[in-house]
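The chain contents come next:
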Amino acid sequence: MKALTVSKAVTALMLAGLVLLPLYSQLSGNIFILTLFTRIVILALAAASLNLIMGFGGMMSFGHAAYLGIGGYAVGMLAQEGVGSGFIQFPVALAASALYGLVIGALSLRTRGVYFIMITLAFAQMAYYVASGLARYGGDDGLTVYKRSDFSGLINLSNRTQFYYLCLGCLFAVIFLIWRIVNSRFGLVVQGLRSNEQRMQAIGFPAKRYQLVCFVISGMMCGLAGALLANNTDFISPAVMYWTRSGDLMVMVILGGMGTLFGPVIGAVVYLLLEEFLSQLTEYWALIMGPLLLLIVLFGRGGIMGLLGRLNRG
Amino acid sequence: MLLVVEQFLNGLQFGLLLFLLAAGLTLVFGIMDLVNLAHGSLYMMGAYFAATFAAWTGSFLLGALLALGATLVLGIVLEMAALRHLYGRDHLDHVLATFGLILFFNEAVRLIWGPAGLALPLPAWLTVPVPILPGIHYPAYRLAIIVVALLVALLLYLGVMRTRIGMLIRAGASNREMIGALGINIKLLYTLVFGLGAALAGLAGLMQAPILTVQIGMGENILILAFVIVVIGGIGSIRGAFLAAISVGMIDTLGRAFLPNLLRQVLSGAAASTAAPALSSMLIYLVMAIVLVVRPEGLFPANRR
């Protein structure tokens, strides 16, 4: 066994790149790249949270973007009502996500397989319509967040670099947490349930309870991403909860490598950079992206991480 | 009274339309075990084809027939080019691949027809109100939708339950290796079933087109409703899809029509007018949640495997 595998080297390079990015942006004067990567980091966080239930838990949620909206609306609505403190906004965002995850998870986990995919999709779509109906908070048009979350001098979210590092810190913290969860007894039970639910139940684990807790944790992580996203765009609208956004998150996870720790981050970086690149190339970028997805599914087993792993062996 | 009858018929019409969409979805899922998100795109293509062909030929009916044929062909081509390779793969792969197809179709439509929507004007004979009860008139076109959809539902039922092809389809659903071993060309059968599902989606799209505008993404919202119906009705069950589609169509339409007034009697005016739109759009999802709590497998699960 080699000490340094290809996938580890690529991961390390990417992480170093993410850490050093503001430096590059400062030196080159390219502010756009920092804005772009702030968004990428936030969505990577969302993808990592989805990976926890999808990759490790085997729960194929097609409604994860709902949490982006819930976290975002928690920030936006509180800001509109005059509560600007991040110390209130962020906990509320997490609590709201947890509550949504608890209710939706309890209902959805009664089903499995393709039913689960469709149910989570339908509930997220319901959340989308509810947000569209919130006339007081902009309805369809969305809600402008005039003032970013205020952390009373601790960190200034309006400073690009500080905000970027906050997002990156959150991403690393979440990945660390996922790593700890996956290797804990709890995480092993959840992974066991993915492989064989009946057998785990026969040993005496209450399957649904473990899965539900995992579902809620993942939702809270994604809610955090939502709260950051609303701060990043200074705006929140039902569009972030639209089902194609959930699809995007799924694609990021699969593209990077489901069930690997850093796969979703790589997936998010590659997917969003590709989107950026193609949309500069042609207005009709989805015309290329769509068939590309089809090809990735047909031929790219295990995503980028899987590819790197094969490179190492081959 | 007038309003109640009218909304009742609207609900029935919407429900039948949803059935056409859900039937294709549930057939393809029940028989090929394929989750096809791009089903909504076929619905959209049906509408675009109809608007284009009707403008070319100058006849609504001719345009509709050509559009029906075109979606059938499109479905068959799509199956042979892409979806055939997904049979037997993980459901997640289906979701992603067909998600990619949605992106492709939306963009292709934008490229070909432009971002603005199209209109599909109705011929004069379909716009007249028809008296259905003494003193109550209903638009002829909506009545025509109800009649056509009921006819298609009946044909579908007879076709699946009473013909040789239908027998093969049902046999293929319960054991594909066995009927392959008996010398049936299962590949061709699957292609035909997918084409049939595509044509049903196209029919729903082209019939809905004169009521709504023909636009990009029109298939996506209605696809989610079709999913809800498939889940409520039980995956793979045509009968379940039919009953669930009628119920969802009714609940959605009647909820939107009458819920605001009902709420106004309980809540204050302002609270009611904020809660009503959100609540009425949530209604069918609540129904789905209740069904799931009571019968996680759907109301009429097809007895398979």
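In this text, all values refer to a predicted model and were calculated from it rather than measured experimentally. Residue numbers run consecutively from 1 along every chain, following the written order of its sequence. Chains and ligands are labelled sequentially in the order written, the chains with letters from A and the ligands with numbers from 1. Local features in a predicted model are, by the rule used here, given only for residues with pLDDT of at least 70; side-chain atom pairs are given and counted only at 80 or more, and totals for whole chains, interfaces and linings are based on all residues. To obtain the side-chain values, all non-hydrogen atoms of the structure were used and water was disregarded.

## Concerning the overall build of chain B
What counts, and what does not: Runs of H or I in DSSP of at least four residues are treated as helices and runs of E of at least two as strands, each being numbered from the N terminus. We compute the radius of gyration from the C-alpha atoms alone; for a globule the expected value is 2.2 Å times N to the 0.38, where N is the number of residues.
Scanning chain B from terminus to terminus reveals 11 helices and two strands. Written out in order from the N terminus, the α and β elements of chain B read α-α-α-α-β-β-α-α-α-α-α-α-α. Compactness check: chain B gives a C-alpha radius of gyration of 20 Å against a globular reference of 19 Å for 305 residues, within 12% of the reference. On the principal axes, the C-alpha backbone points of chain B span a range of 65 × 50 × 40 Å.

## A word on the pattern of salt bridges
Stated precisely, the cut-off is as follows: The term salt bridge refers to a side-chain nitrogen of Lys or Arg lying within 4 Å of a carboxyl oxygen of Asp or Glu. Remark: exposure states derive from per-residue accessible area (1.4 Å probe, protein chains only) relative to the maximum for the residue type, with buried under 20%, exposed over 50%, and partly exposed in between.
Evaluated as defined, the whole model comprises 11 salt bridges over all chains. The partner of Glu283 of chain A in a salt bridge is Arg110 of chain B, with the nearest N and O atoms 3.4 Å apart. One end of the pair, Glu283 of chain A, is in the loop between helix H11 (263-281) and helix H12 (286-299); the other, Arg110 of chain B, is in helix H4 (residues 91-113), on a second chain. Note on Glu283 of chain A: relative accessible area 51%, which makes it exposed. We note a salt bridge from Asp93 of chain B to Arg89 of chain B, for which the minimum N-O separation is 3.3 Å. With a relative accessible area of 9%, Asp93 of chain B lands in the buried category. Among the charged side chains, a salt-bridge network with shared partners connects Arg112, Glu197 and Lys208 of chain A.

## Regarding the interface of chain A and chain B
A common way to state how big an interface is: give the accessible area lost once the parts meet. So the rule is basically this: Whether two residues touch is decided by their heavy atoms; if any such pair falls within 4.5 Å, the residues are in contact. Put simply, buried area is how much 1.4 Å-probe accessible surface two parts lose in total, over both of them, once they are put together. Side-chain atoms alone can form a polar contact between residues adjacent in sequence; in general such a contact is a pair of N or O atoms within 3.5 Å, and within protein one must be able to donate a hydrogen while the other accepts it. The residue classification treats Ala, Val, Leu, Ile, Met, Phe, Trp, Tyr, Cys and Pro as nonpolar and Asp, Glu, Lys and Arg as charged. All others, Gly included, are polar.
At the interface, 42 residues of chain A touch 43 residues of chain B. For the pair chain A and chain B, the summed buried area comes to about 4,100 Å², and 79% of that belongs to carbon and sulfur atoms. Three residues stand out in chain A for area buried against chain B, namely Tyr115, Met118 and Trp243 of chain A, and they jointly supply 16% of the buried area on that side. Summed over the shared surface of chain A and chain B, the number is one salt bridge. Joining chain A to chain B, the criterion identifies six residue pairs in polar contact (both at pLDDT 80 or more). Sorting the residues of the side of chain A that touches chain B by element identifies helix H5 (113-132), helix H10 (243-256) and H12 of chain A as the ones contributing at least two each. Ranked by residue count, the leading element in the side of chain A that touches chain B is H5 of chain A, at 12 residues. Taken together, the residues of the side of chain A that touches chain B sort by class into 32 nonpolar, six polar and four charged.

## Re the packing of H11 of chain A against H12 of chain A
To characterise two packed helices, one gives the angle between the axes of the helices and the distance between these axes. Residue and element names in this part refer to chain A. As a reminder, the rule being used: Structural elements are reduced to axes, namely lines fitted to C-alpha atoms, with helices fitted over the stretch in contact, and the angle between N-to-C directions of any two is expressed from 0 to 180 degrees.
Where H11 contacts H12, the axes come no closer than 10 Å and their chain directions differ by 145 degrees. Across the interface between the two elements, Tyr271, Leu274, Glu275 and Leu278 from H11 touch Ile288, Met289 and Leu292 from H12. In the contact of H11 with H12, the residues fall into six nonpolar, no polar and one charged.

## Digging into the pairing of strand S2 (residues 136-139) of chain B
All names here are of chain B. As a reminder, the rule being used: At least two DSSP bridges between two strands are required for those strands to pair.
Going residue by residue along S2, you find Ile136 and Tyr138 tucked away on one face and His137 and Pro139 left uncovered on the opposite face. Sheet analysis places strand S1 (residues 129-133) next to S2, joined by four bridges and oriented antiparallel. Looking across to S2, one finds that Val130 is bridged to Tyr138. Here S1 folds back onto S2 in antiparallel fashion, the turn holding two residues, of which Gly135 has a positive phi close to 85 degrees.

## Some remarks on the confidence of the model for chain B
Worth spelling out the cut-off: The pLDDT value expresses, per residue, how confident the predictor is, ranging between 0 and 100.
On average, residues of chain B score 87 in pLDDT, and 99% of them reach the 70 mark or higher. Mean pLDDT per element in chain B: helix H11 (residues 269-294) of chain B is the minimum at 78, and helix H3 (residues 60-81) of chain B is the maximum at 95.

## Let's talk about a nonpolar patch on the surface
All names here are of chain A. What counts, and what does not: The patch calculation keeps residues exceeding 30% relative accessible area without a salt bridge and links them within 9 Å when they carry like charges or within 5 Å when they are nonpolar (Val, Leu, Ile, Met, Phe, Trp, Tyr). A 1.4 Å probe and the Shrake-Rupley method give the accessible areas. Residues count as covered only by the protein chains that appear here.
Together, Val19, Leu20, Leu23, Leu27, Tyr165 and Phe172 give the surface a local cluster of nonpolar side chains, amounting to about 580 Å² of exposed area. Going through the elements one at a time, helix H1 (6-28) and helix H6 (160-183) are the ones with two or more residues in the nonpolar patch. Ranked by residue count, the leading element in the nonpolar patch is H1, at four residues. With respect to the helices and strands, Tyr165 occurs in helix H6.

## Things to note about the side chain of Thr191 of chain B
All names here are of chain B. Assignment of secondary structure puts Thr191 in helix H8 (residues 186-208). By relative accessible area, which is 5% here, Thr191 ends up buried. Aside from chain neighbours lying at most four places away, what touches Thr191 is Ile76, Glu79, Met80 and Arg84.

## What about the environment of Gly300 of chain A?
All names here are of chain A. In this fold, Gly300 is placed in the loop between H12 and helix H13 (303-313). On the basis of relative accessibility, which here comes to 30%, the residue Gly300 falls in the partly exposed class. In this structure the C-alpha to C-alpha distance between Gly300 and Leu255, which are 45 residues apart in sequence, comes to 8.2 Å.

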